[in-house]
Number of protein chains: 2
Amino acid sequence: MTTQQLFEQIQLKKSFLCVGLDVDLTKIPQHLLVLEDPIFEFNKAIIDATHDLAVSYKPNTAFYEAYGIKGWISLQKTINYINENYPDLFTIADAKRGDIGNTSSMYAKAFFEDLNFDSVTVAPYMGKDSVEPFLAFENKHTILLALTSNTGAFDFQTLQSKSEKLLEAELYQQVLETSKNWTNSKNLMYVVGATKATYFSEIRKIVPDSFLLVPGVGAQGGNLAEVCAHGMNDQVGLLINSSRAIIYASNDFDFAVKARAEALKMQQEMQVILDAKFSN
Amino acid sequence: MTTQQLFEQIQLKKSFLCVGLDVDLTKIPQHLLVLEDPIFEFNKAIIDATHDLAVSYKPNTAFYEAYGIKGWISLQKTINYINENYPDLFTIADAKRGDIGNTSSMYAKAFFEDLNFDSVTVAPYMGKDSVEPFLAFENKHTILLALTSNTGAFDFQTLQSKSEKLLEAELYQQVLETSKNWTNSKNLMYVVGATKATYFSEIRKIVPDSFLLVPGVGAQGGNLAEVCAHGMNDQVGLLINSSRAIIYASNDFDFAVKARAEALKMQQEMQVILDAKFSN
């Protein structure tokens with residue numbers, strides 16, 4: 001999927017919601033546990049109930065790997081289900097991978113070819129040759145961690161640091177600036193946590209056009225309107241992720257209905273913002 | 001396995017060699033491809049041929065994920081084979097994971113419980129709460145990326161940066177220094193690439209006692225004697241990784257024999273160094 005197609009989906013659905021599929025067997029409705037593949041059945045029900053309100057789904061691979069081969073099968077069935085039934089959805093493997101060149105190529109192959117995700121999250125610490133193998137895939141997107149939504153973000157990401165290009169900047173700004181020079185950088189998006197909405201203005205000075213994947217609205221305290229005020233661009237340029245608030249809205253038989261209700265609330269907030277921004 | 005037990009194995013085998021199991025189906029002997037699980041059969045032959053010359057084995061997860069569920073099964077069979085047949089080997093999942101707290105817990109569960117590795121490599125970019133869930137496991141080890149062996153290491157890891165503790169230091173030094181204050185930091189080891197042997201003196205000032213996992217000797221140009229001169233401590237404190245030079249020494253029927261010959265060469269070099277260091 002191209003970013004233009006993603007923008008079209010956002011306009012069509014009046015939503016830039018991404019639903020995080022972080023499925024923990026201890027938190028899903030217990031009646032699903034008797035089924036052969038509870039994780040997949042849970043995802044399927046959530047996706048079926050919310051697909052018209054969201055433009056993107058993001059399984060976090062940790063939650064699947066924790067269940068070993070069975071979990072990996074659930075992940076594969078989930079992405080196949082989306083690709084077969086809802087090909088207009090933008091899929092994100094939240095995997096936070098990154099390794100030396102030839103090894104990153106193997107990860108890129110795993111997520112872009114074997115599993116056929118539209119995008120994968122990647123950690124920047126190992127630099128250019130750890131990210132470029134992901135960028136080489138046409139119409140696939142590499143979502144680089146810039147400023148994350150957790151408290152540990154302030155350990156290193158905001159350290160004052162010097163490079164030839166930026167003499168006085170925080171590390172995440174160096175990451176944004178440096179990454180723009182990598183081959184096929186047009187295929188980059190960035191993770192920027194919502195917990196620091198004012199950072200978005202600084203970030204937009206460096207990457208005005210890129211899509212930003214934004215965790216941390218809701219459960220982690222971020223505010224949607226503020227993030228949009230500072231971070232939205234002419235192609236919207238934002239995917240707001242919500243995981244627990246939607247998928248664990250209920251852990252009873254009504255879980256899919258309640259998940260839809262939560263997703264609808266977010267979609268309606270987004271529609272107001274989009275209508276105000278794009279009404280002219 | 002404790003670091004004391006690892007040190008004892010090093011003394012016993014007169015080796016601090018780690019064999020990297022980065023198995024690429026296009027590079028292994030073609031006669032293995034007719035078998036049901038070529039990756040596992042290759043690993044089994046390599047391990048059987050070299051287990052008395054190495055103290056550690058390190059599958060890089062990328063090479064397994066690239067083959068989807070089949071690859072994940074090969075990984076599981078490989079770690080089970082080591083744990084059942086050679087329980088004195090120190091096993092490393094080279095996974096370079098890291099995510100927000102509850103998600104890192106799922107990765108830790110995947111690698112320490114489900115797969116039962118002794119250790120896992122973790123990326124530091126997301127800070128304290130992304131690493132501490134790994135550190136919570138007793139007698140399991142978290143190998144944090146500090147200074148990697150690839151060219152991209154110089155993009156961010158060596159940027160001059162300021163923290164409260166270190167006013168003027170490179171980012172990897174900030175990572176080393178900061179991580180010492182995390183809960184259960186005694187369970188930390190670090191990845192330090194061999195391509196910059198002189199860096200080891202600086203690193204030993206910050207983490208004198210920690211084990212360092214050292215890629216980049218051989219294929220990537222690092223020199224074993226130099227690394228040891230600058231980086232070895234009283235418990236040796238080094239695991240030198242070699243992947244391609246050993247496992248792809250031949251891609252013919254003699255691949256295991258040739259792999260053993262390469263591993264023996266490295267073990268003999270190591271024995272000379274250990275004898276010189278610990279002879280008194």
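Coordinates for the structure precede this section.
Now for a description of the structure that goes with this document. Fair warning: this is a prediction, and the values are worked out from it, not measured in the lab.

Topic: the overall build of chain A
Summing up its helical and strand segments, chain A has 12 helices and 10 strands in all. Here the C-alpha coordinates of chain A stretch approximately 60 × 45 × 35 Å along the principal axes. When the accessible surface of chain A is split by element, carbon and sulfur atoms take 51% of a total near 10,200 Å². Each charge sign in chain A was given a centre, from 24 positive and 33 negative side chains, and these centres are 2 Å apart.

Here's the deal with the environment of Ser74 of chain A
Residues and elements named next belong to chain A. Mapped onto the elements of the fold, Ser74 is located in helix H4 (residues 68-85). Residue Ser74 is classed as buried on the basis of its relative accessible area of 2%. Each C-alpha atom of the pair Ser74 and Ser119 lies 18 Å from the other, and the pair is 45 residues apart in sequence. Only 2.8 Å separates the side chain of Ser74 from the side chain of Asp37, close enough to count as a polar contact.

Here's the deal with the relation of the copies chain B and chain A
With an RMSD of 0.0 Å, chain B superimposes on chain A once it is rotated by 180° and translated 0.0 Å along the axis. The superposition of one copy onto the other is thereby described by a two-fold rotation axis. Minimal C-alpha distance to the rotation axis in chain B is attained by Ser161 of chain B, lying at 2.1 Å. Taken as a fraction of all interface residues of chain B, those also at the interface in chain A reach 100%, which identifies the copy contact as same-surface.

A closer look at the pairing of strand S5 (residues 141-147) of chain B
Residue and element names in this part refer to chain B. Burial analysis of S5 places 7 of its 7 residues in the buried class, the great majority of the element. Sheet topology places strand S4 (residues 119-122) next to S5; 4 bridges connect them, and they run parallel. Across the sheet, the residue bridging to Val122 is Leu144, located in S5. The parallel pair S4 and S5 is bridged by helix H6 (residues 128-135), and the resulting crossover is right-handed.

Looking at the nonpolar core
Here is a general trend for soluble globular proteins: nonpolar side chains tend to be buried in one another's company. By size, the foremost hydrophobic cluster in this structure holds 207 residues, and its most contacted members are Phe16, Phe111 and Leu238 of chain A together with Phe16, Phe111 and Leu238 of chain B. Among residues more than four places away in sequence, those in contact with Phe16 of chain B are Ile10, Val55, Leu224, Cys228, Met232, Val236, Leu238, Leu239, Ile240, Met270 and Leu274 of chain B.

Some points on helix H12 (residues 255-278) of chain B
Residue and element names in this part refer to chain B. Here H12 is 24 residues long and its end C-alpha atoms lie 34 Å apart, about the 34 Å a rise of 1.5 Å per residue gives. Restricting attention to buried positions, one finds in H12 the residues Phe255, Ala256, Ala259, Ala263, Met266, Gln267, Met270, Ile273 and Leu274. On its buried face, H12 sits against helix H1 (3-13), strand S1 (17-21), helix H2 (38-50), helix H10 (224-231), strand S10 (238-242) and helix H11 (244-247).

Description of the interface of chain B and chain A
Chain B puts 57 residues into the contact, and the matching count from chain A is 58 residues. Interface area lost by chain B to chain A is led by Met106, Tyr125 and Phe156 of chain B, which between them contribute 18%. Seen at the junction of chain B and chain A, the total is 4 salt bridges. Close ionic contact of Arg97 of chain B with Glu65 of chain A constitutes a salt bridge, the shortest N to O distance being 3.0 Å. Summed over the shared surface of chain B and chain A, the result is 28 residue pairs in polar contact (both at pLDDT 80 or more). Top contributing element to the side of chain B that touches chain A by residue count: helix H5 (residues 101-114) of chain B, with 8 residues. Of the strand pairs in this sheet, strand S6 (residues 160-162) of chain A and strand S6 (residues 160-162) of chain B are connected by 3 bridges, and their pairing is antiparallel. Within the sheet, the bridge partner assigned to Gln160 of chain A lies in S6 of chain B and is Lys162 of chain B.

Here we look at helix H8 (residues 171-179) of chain A
In terms of burial, H8 of chain A is largely enclosed, as 8 of its 9 residues are buried. All of the buried residues in H8 of chain A are Leu171, Tyr172, Gln173, Gln174, Val175, Leu176, Glu177 and Ser179 of chain A.

Observations concerning the pattern of salt bridges
Inspection of the entire model under this criterion finds 30 salt bridges over all chains. Residue Glu177 of chain B is joined to Lys180 of chain B by a salt bridge in which the shortest nitrogen-to-oxygen separation is 3.9 Å. For Glu177 of chain B, a relative accessible area of 11% translates into the label buried. Linked through salt bridges whose partners overlap, the residues forming this network are Lys58, Asp94 and Lys96 of chain A together with Asp99 of chain B.

Points about the sheet that holds strand S7 (residues 169-170) of chain B
Hydrogen bonding along the main chain pairs the strands of a sheet, whether they run parallel or antiparallel. Here we have 4 strands laid out as an open sheet, ordered S7(A)-S6(A)-S6(B)-S7(B), and antiparallel in their pairing. With one partner strand each, in any of the chains shown, strand S7 (169-170) of chain A together with S7 of chain B form the two edges of the open sheet.

Structural notes on the packing of aromatic side chains
Residue and element names in this part refer to chain A. Applying the stated criterion across every chain, the model contains 19 aromatic pairs over all chains. With centroids separated by 6.1 Å and ring planes inclined at 50°, the aromatic side chains of Phe7 and Phe278 adopt a geometry described as tilted. Residue Phe7 is located in helix H1 (residues 3-13), and its partner Phe278 is located in helix H12 (residues 255-278); the two are separated by 271 residues in the primary sequence. Owing to a relative accessible area of 32%, Phe278 belongs among the partly exposed residues under this scheme.

Observations concerning the sheet that holds S1 of chain B
Residues and elements named next belong to chain B. Within the closed barrel, the 8 strands sit side by side as S1-S2-S3-S4-S5-S8-S9-S10. Their pairing is parallel. Neighbouring strand axes in the sheet, compared pairwise and without regard to direction, differ in orientation by 30° on average. With 3 bridges connecting them, S1 and S10 associate as parallel partners. When the bridges of S10 are listed, Cys18 appears paired with Asn241. Along the sheet, H10 makes contact with strand S9 (212-214) and S10, crossing S10 at roughly 160°.

Quick word on the packing of H10 of chain B against H12 of chain B
Residue and element names in this part refer to chain B. For the pair H10 and H12, interaxial distance at closest approach is 11 Å and the crossing angle is 35°. Regarding H10 and H12, the two cross each other, and that crossing is right-handed. Taken together, the residues of H12 that come into contact with H10 (itself represented by Leu224, Ala225 and Cys228) are Glu269, Met270 and Ile273.

Details of the layout of surface pockets
Residues and elements named next belong to chain A. As a volume, the second largest pocket reaches approximately 320 Å³. When contributions to the lining of the second largest pocket are tallied by element, the ones reaching two or more residues are H1 and strand S8 (188-192). Ranked by the residues each element gives to the lining of the second largest pocket, the list is headed by S8, at 3 residues.

Regarding the packing of H5 of chain B against H6 of chain B
Residues and elements named next belong to chain B. Here H5 crosses H6 at 30°, and the two axes come no closer than 8 Å. Relative to H6, the element H5 lies roughly parallel. Where H5 crosses over H6, the two elements pack in a sense that is right-handed. Where H5 approaches H6, its residues Gly101, Ser104, Ser105, Tyr107, Ala108 and Phe112 are matched on the opposing element by Asp129, Ser130, Pro133 and Phe134. Grouping the amino acids of the contact of H5 with H6 by side-chain chemistry returns 5 nonpolar, 4 polar and 1 charged.

The rules behind the values
- Residues numbered from 1 in each chain as written.
- Chains lettered and ligands numbered in written order.
- Predicted model: local features only at pLDDT ≥ 70, side-chain atom pairs only at ≥ 80, totals over all residues.
- Heavy atoms only, no water.
- Helix = DSSP H or I, 4+ residues; strand = E, 2+ residues; numbered from the N terminus.
- Areas by Shrake-Rupley, 256 points an atom, 1.4 Å probe, with all protein chains shown as cover.
- Lys, Arg positive; Asp, Glu negative; His and termini not counted.
- Charge placed at Lys NZ, Arg CZ, Asp CG, Glu CD.
- Buried < 20%, exposed > 50% of the residue type's maximum accessible area, 1.4 Å probe, protein only.
- Polar contact = N/O pair within 3.5 Å; in protein donor to acceptor, adjacent residues only side chain to side chain.
- Least-squares fit on C-alpha atoms with pLDDT ≥ 70 in both.
- Contact = heavy atoms within 4.5 Å.
- Pairing = 2+ DSSP bridges.
- Right-handed = clockwise from strand over helix to strand, strands pointing away.
- Core = buried A, V, L, I, M, F, W, Y, C linked by side-chain atoms within 4.5 Å.
- Expected span 1.5 Å × (residues − 1).
- Buried area = accessible area lost by both parts, 1.4 Å probe.
- Salt bridge = Lys/Arg side-chain N within 4 Å of Asp/Glu carboxyl O.
- Phe/Tyr/Trp six-rings, centres within 6.5 Å; stacked < 30°, edge-to-face > 60°.
- Axes fitted to C-alpha atoms, helices over the stretch in contact; angles between N-to-C directions.
- Left-handed = near helix turned anticlockwise from the far one by under 90°.
- 1 Å grid on protein atoms, 1.4 Å probe; cavity = no way out; pocket = protein on both sides within 12 Å on 5 of 7 lines; lining within 4 Å.
- Points joined across faces, edges and corners; volume = space filled by probe spheres on them.
- Parallel < 35°, antiparallel > 145°, perpendicular 65-115°, else oblique.
- Nonpolar A, V, L, I, M, F, W, Y, C, P; charged D, E, K, R; others polar.

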